Amino acid sequence: KHIIDEVGLRVITAPEGYETREIITCEINRPALQLTGFFDAFDENRIQIRLNALLPHCKFVGGTQYVSDTISRLLSGFEKEGGKLPCYDRAFVAIIEHCNFSTASTFDNDNKGFKGVINALKGRLFKDDNQFELSLGLFNVIDEETYCDIYVMPFDLASSFLYEMEVSAQKN
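Numbering of residues starts from 1 in every chain and runs along the sequence as written. Per-residue local features are limited, in this predicted model, to residues with pLDDT of at least 70; the limit for side-chain atom pairs, both in listing and counting, is 80 or more; totals at the level of whole chains, interfaces and linings are taken over all residues. Values shown for side chains rest on all heavy atoms present in the structure; no hydrogens or waters enter the calculation.

### Some thoughts on the overall build of the protein chain
Here comes step 1: Within the protein chain, the regular secondary structure consists of five helices and four strands.
Here comes step 2: Listing every helix and strand of the protein chain by position from the N terminus yields α-α-β-α-β-α-β-β-α.
Here comes step 3: For the exposure calls, accessible area comes from a 1.4 Å probe over protein chains only, and a residue counts as buried if that area is under 20% of its type's maximum, exposed if over 50%, partly exposed in between. A total of 172 residues make up the protein chain; the buried ones form 34% of that total.
Here comes step 4: When checking whether two residues touch, look at their non-hydrogen atoms; a contact exists if any pair is within 4.5 Å. Of the contacts made within the protein chain by residues no fewer than 6 positions apart, 77% connect residues no fewer than 24 positions apart. Only runs of H or I of at least four residues qualify as helices and only runs of E of at least two qualify as strands under DSSP, and these elements are numbered from the N terminus.

Given below as structure tokens:
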């Protein structure tokens, strides 16, 4: 319950006693996934960060800074709790926005504030954002829920991640 209140999550469904359940795993991704129940299995080789909003337009004053600050605080909080962040020599970052046409505010991917995400991750999950150390994918999923998932993983896992996305899209 403490995490729900602190992060500002909305409880849609939860098991009995969730308010007093203690989460003892110190990882960025697991508390949120356990509370939302989106995955049955989890790949330990990638980091997932969920933002409860879409990325702002890149020209929105202060918008990308807000995104950078939010992600930096999440990463710092994880480390403060004893978590150890990986630093990939070559990384793949997938930014997946979930929304429908009425909630989408920026239709062109090149106008989205993804640079704020990269700036928050650079130097922490990968050394630099040059073309040899970082590959980036921007994706959209038509969904009634509105949120943004950010996945960071070693580059050599990108093809299997993209395959998983395709299989998931075909099921829906």
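Continuing now.
### A short note on the confidence of the model for the protein chain
Here comes step 1: Looking at the protein chain as a whole, its pLDDT mean stands at 77, while 72% of the residues score no less than 70.
Here comes step 2: Confidence scores labelled pLDDT are given residue by residue by the predictor and lie between 0 and 100. Predicted confidence is poor over residues 25-42, with pLDDT under 50, and the contacts of this stretch with residues over four places away or in other chains come to 35 contacts.

### Brief notes about the sheet that holds strand 2 (residues 91-99)
Here comes step 1: Within the open sheet, the four strands sit side by side as 1-4-2-3. Their pairing is mixed. Since the sheet does not close on itself, it has two edges, and those belong to strand 1 (47-51) and strand 3 (134-142), each with one partner. Sheet twist, expressed as the average angle between the axes of neighbouring strands with direction ignored, equals 15°.
Here comes step 2: Between any two strands, pairing holds if DSSP finds at least two bridges. In this sheet, strand 4 (residues 147-154) lies alongside strand 1 in antiparallel orientation, the contact comprising five bridges. Within the sheet, the bridge partner assigned to I49 lies in strand 4 and is I150.
Here comes step 3: Axes here refer to lines fitted to C-alpha atoms; in helices the fit is confined to the stretch in contact. Angles between the N-to-C directions go from 0 to 180 degrees. Here helix 5 (residues 158-171) sits on the sheet in contact with strand 2, strand 3 and strand 4, set at roughly 15° to strand 2.

### As for the nonpolar core
Here comes step 1: With 23 residues, the main nonpolar core has I71, V93, L121, F126, I150 and V152 as its most contacted residues.
Here comes step 2: Every element with two or more residues in this core is listed here: strand 1, helix 3 (63-80), strand 2, helix 4 (114-121) and strand 4.
Here comes step 3: Setting aside its immediate chain neighbours within four residues, L121 contacts I49, I71, L75, V93, F126, I150 and V152. By nonpolar core we mean a set of buried residues, namely Ala, Val, Leu, Ile, Met, Phe, Trp, Tyr and Cys, connected to one another through side-chain atoms within 4.5 Å.

### Quick word on the packing of aromatic side chains
Here comes step 1: Aromatic pairs are defined between Phe, Tyr and Trp rings, using the six-membered ring for Trp, whenever the two ring centres lie within 6.5 Å; interplanar angles under 30 degrees are classed as stacked, those over 60 as edge-to-face, and all others as tilted. Enumeration according to the criterion identifies two aromatic pairs in this entry.
Here comes step 2: Judged by centre distance (5.0 Å) and plane angle (55°), the ring pair of Y151 and F161 falls under tilted. With a gap of 10 residues between them, Y151 in strand 4 and F161 in helix 5 connect regions that are remote in the sequence.
Here comes step 3: Among the aromatic residues, ring-to-ring pairing joins F92, Y151 and F161 into one connected group.

### Let's talk about the environment of R90
Here comes step 1: Its place among the elements puts R90 in the loop between helix 3 and strand 2.
Here comes step 2: Relative accessible area serves as the criterion here: at 38%, R90 is assigned to the partly exposed category.
Here comes step 3: For the pair R90 and S135, spaced 45 residues apart in sequence, the C-alpha separation works out to 8.0 Å.
Here comes step 4: Contacts of R90, omitting those with residues within four sequence positions, involve F132, E133, S135, M153, P154 and F155.

### Some points on the pattern of salt bridges
Here comes step 1: A pairing counts as a salt bridge when a side-chain nitrogen of Lys or Arg comes within 4 Å of a carboxyl oxygen of Asp or Glu. This model, assessed by the stated rule, comprises six salt bridges.
Here comes step 2: Its salt-bridge partner being D129, residue K115 comes within 2.7 Å of it at the nearest N-O pair. Taken together, the residues span a long stretch of sequence, with K115 in helix 4 and D129 in the loop between helix 4 and strand 3 at a distance of 14 residues.
Here comes step 3: K115 gets classed as partly exposed once you look at its relative accessible area, which sits at 41%.
Here comes step 4: Taking the relative accessible area as the measure of exposure, D129 reaches 23% and is therefore partly exposed.
Here comes step 5: Between D129 and K122 there is a salt bridge, with its nearest N and O atoms 3.8 Å apart.
Here comes step 6: Linked through salt bridges whose partners overlap, the residues forming this network are K115, K122 and D129.

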